[in-house]
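# Fold and contact review
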Amino acid sequence: MSKPERIFIKGNEAVSRGALAAKCKCFFGYPITPQNEIPEFMSSELPKAGGEFVQAESEVAAANMLLGAGACGVRAMTSSSSPGVSLKQEAISYMAGSEIPAVIVNMNRGGPGLGDIGPAQGDYYQSTRGGGHGDYRLLVLAPSTGQEAYDMTIEAFELAFKYRNPVMVLGDAILGQMKEPIIPWLPENAVEEAGEDWRLDGANGREKRLIKSLFLEEGALAGQNMKLQDKYDAMKEEAEAELFDTEDAELVVCAYGSIGRIAKSAVRKMRKEGKKVGLFRPKTLYPFPEEPLLEMAKQGKRFLTVEHNLGQMVDDVRLAIRTVADSDFFPIYPGNLPTPDDFEEPILKSLEGK
């Protein structure tokens, strides 16, 4: 048996290759740094795979094209960064309300406003709380490596059609622009179109179908929202996290994405110094993996949440452990680029209970 091919690529290209492996057939995008390599790669490679690439006139247009393709059961994706994703929010809300599967990639940049083109994690609230109008949720996956960017993009397509719901892959400028080795693989049973029982593909020989997010009849909207809430509750089985050196840890550092990766290096260093520190890194931000956190809290462990923002995921950490514990918080201000050494002082303070 031949050894799997190992390739050296940027995180943005890993996302693109993962989408092609998942049989993505439509991509709609608009340029914005730091995710431009995604549409650049897809513009070249997607047509070769029999798909369609469209550079739309705006982020708004790209998101609505995504809505149309998803309603036809086509595996489709868009990508952007922070302010571009903000412009897509109306269509994302419509997709969630209409139960249309789609994949949205956000390579988070600094904010608020135009901010800068460097990394940040300021879009956590936007991603996990819906981001647009109305009560809805996206499944949100948070890769920390190029390999996870590839793997989670494939997973995003599977989850989108499993739940008939938009799925967000939330990275940042570090992940998107960093080069490292990955091993590509192909999923089994990936199909170009799905949703035979609901997609809009012409009503010749069957009953008409209607995909909508407008419910004006008495009680209809309440019924739809109850249906959606049942689906969001069912998504909790997808919750996943990495637990690193947490078994005997006195302090558990909570961090996700690129910051989770940097925090892991800090934890390794402090372990060598005899400090009982571990790492909790959620791979799904929604649904948030609450159970392992609560279990560790019941064991008497302390917590420190580290984020590249002013404090967002820390709310979910505190909600998960609220009945028995709390979490300290250390912010990395957007515009700064942290190293593992930057985490040593706040970790030591939390470890010592200061």
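The notes below deal with the structure included here. (Residues numbered from 1 in each chain as written. Predicted model: local features only at pLDDT ≥ 70, side-chain atom pairs only at ≥ 80, totals over all residues. Heavy atoms only, no water.)

### A few points about unusual backbone geometry
Thr-33 connects to Pro-34 through a cis peptide bond whose omega is 15 degrees. With respect to the secondary-structure elements, Pro-34 resides in the loop between β2 (26-29) and α2 (37-45). Note that the residue after Tyr-286, namely Pro-287, is joined by a cis bond; omega there is 0 degrees. On the secondary structure map, Pro-287 appears in the loop between β12 (284-286) and α11 (290-298). Of note, the phi angle at Ser-82 is positive, near 35 degrees, even though the residue is not glycine. Inspection of the secondary structure assignment puts Ser-82 in the loop between β4 (76-80) and α4 (83-87). With a phi close to 55 degrees, Asp-245 is a non-glycine residue in the positive phi region. Its place among the elements puts Asp-245 in the loop between β9 (241-244) and β10 (251-254). When its relative accessible area of 29% is taken as the criterion, Asp-245 is described as partly exposed. (Helix = DSSP H or I, 4+ residues; strand = E, 2+ residues; numbered from the N terminus. Buried < 20%, exposed > 50% of the residue type's maximum accessible area, 1.4 Å probe, protein only.)

### A word on the nonpolar core
By size, the foremost hydrophobic cluster in this structure holds 82 residues, and its most contacted members are Met-42, Met-77, Met-95, Val-105, Cys-254, Leu-293 and Phe-303. Considering each element in turn, this core owes the most residues, 10 residues, to helix α7 (residues 146-163). Filtering out sequence-adjacent residues up to four positions away, Met-95 remains in contact with Ala-63, Leu-66, Leu-67, Ile-100, Ala-102 and Pro-166. By size, the runner-up hydrophobic cluster in this structure holds 19 residues, among which are Phe-244, Val-253, Ala-255 and Val-267. (Core = buried A, V, L, I, M, F, W, Y, C linked by side-chain atoms within 4.5 Å. Contact = heavy atoms within 4.5 Å.)

### Regarding empty space enclosed by the protein
Tallied over the full model, the rule gives one cavity of 30 Å³ or more. Volume-wise, the largest cavity comes out at about 40 Å³. Gln-121, Pro-143, Leu-170, Gly-171, Asp-172, Leu-175, Tyr-256, Gly-257 and Ser-258 together form the lining of the largest cavity. Element by element, the count of residues in the lining of the largest cavity is highest for strand β7 (residues 166-172), at three residues. By residue class, the composition of the lining of the largest cavity is four nonpolar, four polar and one charged. (1 Å grid on protein atoms, 1.4 Å probe; cavity = no way out; pocket = protein on both sides within 12 Å on 5 of 7 lines; lining within 4 Å. Points joined across faces, edges and corners; volume = space filled by probe spheres on them. Nonpolar A, V, L, I, M, F, W, Y, C, P; charged D, E, K, R; others polar.)

### Let's talk about the layout of surface pockets
Within this model, the largest pocket holds a volume of roughly 540 Å³. Lys-236, Tyr-286, Pro-287, Phe-288 and Glu-290 are the residues nearest the centre of the largest pocket, which is lined by 24 residues in total. Of all the elements in the fold, those that place two or more residues in the lining of the largest pocket are α9 (220-234), α11 and α12 (313-321). The biggest single contributor to the lining of the largest pocket is α9, with five residues. Its residues placed into classes, the lining of the largest pocket shows 11 nonpolar, four polar and nine charged.

### Remarks on the packing of aromatic side chains
One pass over the structure, following the stated rule, counts five aromatic pairs. Here the aromatic rings of Tyr-150 and Trp-185 are separated by 6.3 Å at their centres, their planes lie at 65 degrees, and the arrangement is edge-to-face. Separated by 35 residues along the polypeptide, Tyr-150 in helix α7 and Trp-185 in the loop between β8 (179-182) and α9 bring together distant segments of the chain. The ring of Phe-244 has Lys-264 sitting right over it, with the charged end atom 4.8 Å from the ring centre. (Phe/Tyr/Trp six-rings, centres within 6.5 Å; stacked < 30°, edge-to-face > 60°. Lys NZ or Arg CZ within 6 Å of the ring centre and 35° of its normal.)

### Details of the pairing of strand β14 (residues 328-331)
Bridging between strand β13 (residues 302-307) and β14 involves four bridges; their strand directions are parallel. Its bridge partner being in β14, Glu-307 is matched across the sheet by Pro-331. (Pairing = 2+ DSSP bridges.)

### As for the pattern of salt bridges
Close approach of charged atoms allows side chains with opposite charge to pair. Per the counting criterion, the structure on display carries 24 salt bridges. Note that Glu-180 and Arg-261 form a salt bridge whose closest N and O atoms lie 2.7 Å from each other. Here Glu-180, found in strand β8, pairs with Arg-261, found in helix α10 (residues 257-272); they are 81 residues apart in sequence, far enough to count as distant. When its relative accessible area of 11% is taken as the criterion, Glu-180 is described as buried. What makes Arg-261 partly exposed here is its relative accessible area of 30%. Asp-341 serves as the salt-bridge partner of Lys-269, at 3.1 Å between the closest nitrogen and oxygen. Taken together, the residues span a long stretch of sequence, with Lys-269 in helix α10 and Asp-341 in the loop between β14 and α13 (344-351) at a distance of 72 residues. (Salt bridge = Lys/Arg side-chain N within 4 Å of Asp/Glu carboxyl O.)

### What about the side chain of His-308?
Topologically, His-308 is positioned in the loop between β13 and α12. Classification of His-308 by relative accessible area gives buried; the value is 0%. Residues contacting His-308, with those up to four places away along its chain left out, are Pro-119, Ala-120, Gln-121, Gly-122, Ile-259, Ile-332, Tyr-333, Pro-334, Gly-335, Asn-336 and Pro-338.

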